[in-house]
Amino acid sequence: MPEAPKETPNDHQNLVEKNKGALEFIEDVTENADGVQNRVLSEILTRNANVEYLHRHGLHGAIDRETFKKIIPVIKYEDLQPDINRIANGDKSAILSAHPISEFLTSSGTSGGERKLMPTIEEELDRRSILYSLLMPVMSQFVPDLEKGKGMYFLFIKSEAKTPGGLVARPVLTSYYKSSHFKNRPYDPYTNYTSPNETILCQDSYQSMYSQMLCGLCQHNEVLRVGAVFASGFIRAIKFLEKHWPELAQDIRTGSLSPQITDPSVRESVMRVLKPDTKLADFIEAECGKDSWQGIITRLWPNTKYVDVIVTGTMAQYIPTLDYYSNGLPLVCTMYASSECYFGVNLNPLCKPSEVSYTLIPTMGYFEFLPVQRNVNGVSNSISVPKALTEKEQQELVDLVDVKLGQEYELVITTYAGLYRYRVGDVLRVAGFKNKAPQFNFICRKNVVLSIDSDKTDEVELQNAVKNAITHLQPFNATLLEYTSYADLTTIPGHYVLFWELSLNGSTPVPPSVFEDCCLAIEESLNSVYRQGRASDKSIGPLEIKIVENGTFDKLMDYAISLGASINQYKTPRCVKFAPIIELMNSRVVSTCFSPKCPKWVPGHKQWCNGNNEER
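Bear in mind that the values here come from a model prediction, so they are computed numbers and not experimental data.

Chemist: Would you mind showing me how to read the packing of helix α11 (residues 231–254) against helix α15 (residues 319–326) here?
Modeler: Packed helix pairs are specified by the crossing angle of their axes together with the interaxial distance, meaning the distance between the axes. It is at 10 Å that the axes of α11 and α15 come closest, and there the two elements cross at 45°. Classified by the angle their axes make, α11 and α15 are oblique. Of the two possible hands of crossing, α11 and α15 adopt the one that is left-handed. On α15, the residues touching Ala231, Phe234, Ile235, Ile238, Lys239 and Glu242 of α11 are Thr321, Leu322 and Tyr325. Here the contact of α11 with α15 is composed, by residue class, of six nonpolar, one polar and two charged.

Chemist: I keep staring at the pairing of strand β7 (residues 306–310) and nothing clicks. Help me out?
Modeler: The side chains of a regular strand alternate between the sheet's two faces. Summarising burial for β7: four of the five residues are buried, a large majority. Both β7 and strand β8 (residues 331–332) contribute to a ladder of two bridges, which runs parallel. When the bridges of β8 are listed, aspartate 308 appears paired with valine 332.

Chemist: What should I look at first to understand the pattern of salt bridges in this one?
Modeler: A side chain with one charge can pair with a side chain of the opposite charge if their charged atoms come near. Inspection of every chain in the model, using the stated rule, returns 33 salt bridges. Linking aspartate 34 and arginine 65 is a salt bridge whose minimum nitrogen-to-oxygen distance equals 3.1 Å. Pair noted here: aspartate 34 is in helix α2 (residues 33–47) and arginine 65 is in helix α4 (residues 65–71), with a separation of 31 residues, a long-range link. By relative accessible area, aspartate 34 is classed as partly exposed at 34%. Of the residues examined, arginine 65 reaches a relative accessible area of 10% and is grouped as buried. Linking glutamate 242 and lysine 239 is a salt bridge whose minimum nitrogen-to-oxygen distance equals 3.5 Å.

Chemist: How should I be thinking about helix α17 (residues 459–469) in this particular structure?
Modeler: What sets the pattern is the α-helix's 3.6 residues per turn: residues three or four places apart point alike. All of the buried residues in α17 are Glu461, Leu462, Ala465, Val466 and Ala469. Axial view of α17: buried residues confined to an arc of 135°, hence all on one face. Of the exposed residues in α17, those oriented more than 90 degrees away from the buried face are Val460 and Lys467.

Chemist: For this particular structure, what's the right way to read the sheet that holds strand β6 (residues 223–230)?
Modeler: Picture the strands of a sheet paired through backbone hydrogen bonds; they go either parallel or antiparallel. In space, the four strands of this open sheet follow the order β3-β6-β7-β8, with parallel pairing throughout. If you trace the sheet from one side to the other, it starts and ends with β3 (150–154) and β8, each paired once. Along the sheet, helix α10 (residues 205–218) contacts β3 and β6; its crossing angle with β3, the most-contacted strand, is approximately 160°. Packing of α11 onto the sheet brings it into contact with β3, β6 and β7, and relative to β6 it is tilted by some 120°.

Chemist: Can you help me understand unusual backbone geometry in this one?
Modeler: Glycine aside, a negative phi is what most residues show, and trans is what most peptide bonds show. A cis geometry characterises the amide bond from isoleucine 492 onward to proline 493, with omega recorded as -5°. If you trace the backbone, proline 493 turns up in the loop between β21 (478–488) and β22 (495–504). Of note in the backbone geometry, arginine 421 takes a positive phi value of approximately 55° without being a glycine. Mapped onto the elements, arginine 421 comes out in the loop between β16 (408–414) and β17 (422–434). The phi dihedral of lysine 538 falls on the positive side, at around 55°, and the residue is not glycine. One can find lysine 538 in the loop between α19 (528–535) and β23 (544–548).

Analysis parameters
- Here the residue numbering is sequential within each chain, running from 1 through the sequence in written order.
- Residue-level local features of this predicted model are given only where pLDDT is at least 70; pairs of side-chain atoms are given and counted only at 80 or more, and the full residue set underlies all totals for whole chains, interfaces and linings.
- Remark: hydrogens and water are excluded; side-chain values derive from all non-hydrogen atoms of the structure.
- To get an axis, fit a line to the C-alpha atoms, keeping to the stretch in contact for a helix; angles then go from 0 to 180 degrees between the N-to-C directions.
- Only DSSP runs of H or I reaching four residues or more are called helices, and only runs of E reaching two or more are called strands; each is numbered from the N terminus.
- Here the angle decides the label: under 35 degrees means roughly parallel, over 145 means roughly antiparallel, 65 to 115 means roughly perpendicular, and every other value means oblique.
- By definition, any crossing whose near helix is turned counterclockwise from its far helix by less than a right angle is left-handed, and any crossing with a clockwise turn is right-handed.
- Whether two residues are in contact is decided by their heavy atoms, any of which lying within 4.5 Å being enough.
- Three residue categories are used. Nonpolar comprises Ala, Val, Leu, Ile, Met, Phe, Trp, Tyr, Cys and Pro, charged comprises Asp, Glu, Lys and Arg, and polar comprises the others, including Gly.
- Partly exposed describes any residue whose relative accessible area lies between the buried limit of under 20% and the exposed limit of over 50%, with all areas from a 1.4 Å probe on protein chains only and scaled to the type maximum.
- Following DSSP output, two strands are said to pair if at least two bridges run between them.
- Here a salt bridge means any side-chain nitrogen of Lys or Arg lying within 4 Å of a carboxyl oxygen belonging to Asp or Glu.
- Of all possible arcs, the one meant is that of the directions from the helix axis to the C-beta atoms.

This is the structure we're talking about:
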């Protein structure tokens, strides 16, 4: 594998020109947003005019917006699943795209407990690279001289599998890091990372984390920015340092790499960075050995200007922890993207996390917006999005330039790779405009009640998991009266907590081992993204059940009514986030138990043959 590219003469002048060009591009496409959107839709429909999906719905080669909206339905993943399955099973005909499907990108969203498979085409890597190329020109307007140092980013690949038809199925970032766009990138001071490519591409998460952290410490004075994809991932890296700093400091002291790092390419790449440095080892031991780890990021990496992580949506729950470790450095969210499509950039990256808004770049795909309403109920504030749309609702979706300030919408996309009027499931609020292009706050993923990392568990899934678990109580004549849940982030990694109120009618008490069985039964019933987080990525801790006193849920209802909920319309929330409510529930806990082991998980979908599932 090639080394990270080296700087050449005239790079500074080239960088100035490149930044200028990127900012002019943003200015141009946002000023002409509607025209660009019209062109994008026309291009998508022209190139895919003969695909089976569009013919099936009767588009017959039309490329205008009005006909497209009238003829093509707004769909969810389940509507597309038969076509996805055909492609996964080896059908190479032009079902969704005129261009060959190059691989599937596995979404963190699930359907039927399995990751959704998003078709993609080779040229999408170019489109994603364009969006990446806009991030640092924007950032450099706010933080100068970033080209004079390095970024310490903790980046990882995840397991991949092959479909029965031979297509690779893997997360979008794994696809990008393994591509030549990333591995063979030309020199760019903005993608000059402390982590060698080999450490990022190591399949073993321990070896990858250890070697990336070691390289980051060795180059600690060169680091100007730190980050990971999600806030949760960056905090895991700091917790890893908290646990392993003695070994890391010893490696730096001796200039030799821990024998636990066995991957030859990783060892070779790290040894190009690692040199004996007694002074640095003393410094790390002195800082990490102090009682308080407050500000550890600025203590160990003193030139750090900001922390680059996603802290919108469910990741906002990690902001206090990040502030503690970083001494209040700016938390920067640079871009908004998903497996389905890369969407937009944050043009004001030093804003407060609560004010982050993303400007959708009109060249990335064709965007429409479905208005949504909120249901406010004392302790909950849920989003109401219709499951199936009437013909009238389908035709009333709003175009990019026609959204209204302050209104909330569900994002609907049409992509070059073969998604047509596809409901992404993200709820966005219009926060302002950049020229003619709207800027959106990310509000939430619809229907998600629990999330620690990239996992997303909805109410129906949680209900089914609880239903499976309570069968273990039947031999003891115990029944579940009520339950609720929350994501506990006071542990690293965070974990799901369920509060259970029971009716104990039997003469034999329920043994703790039975509640442990209940914990595991819930975990085994949750989706594959959750189970991968537990069993493979170690990004989620063991699930916990807390048994509460009888009458606790009556207290919860009383509290909700005191906050304004209607007694006639009140129903127990299946997830609670409001700190006083969690405090109330915890004050009435009589016993707790944890899942005794990790749930089963293998890469790939359960319906694929076992041979593929062994690939790691």
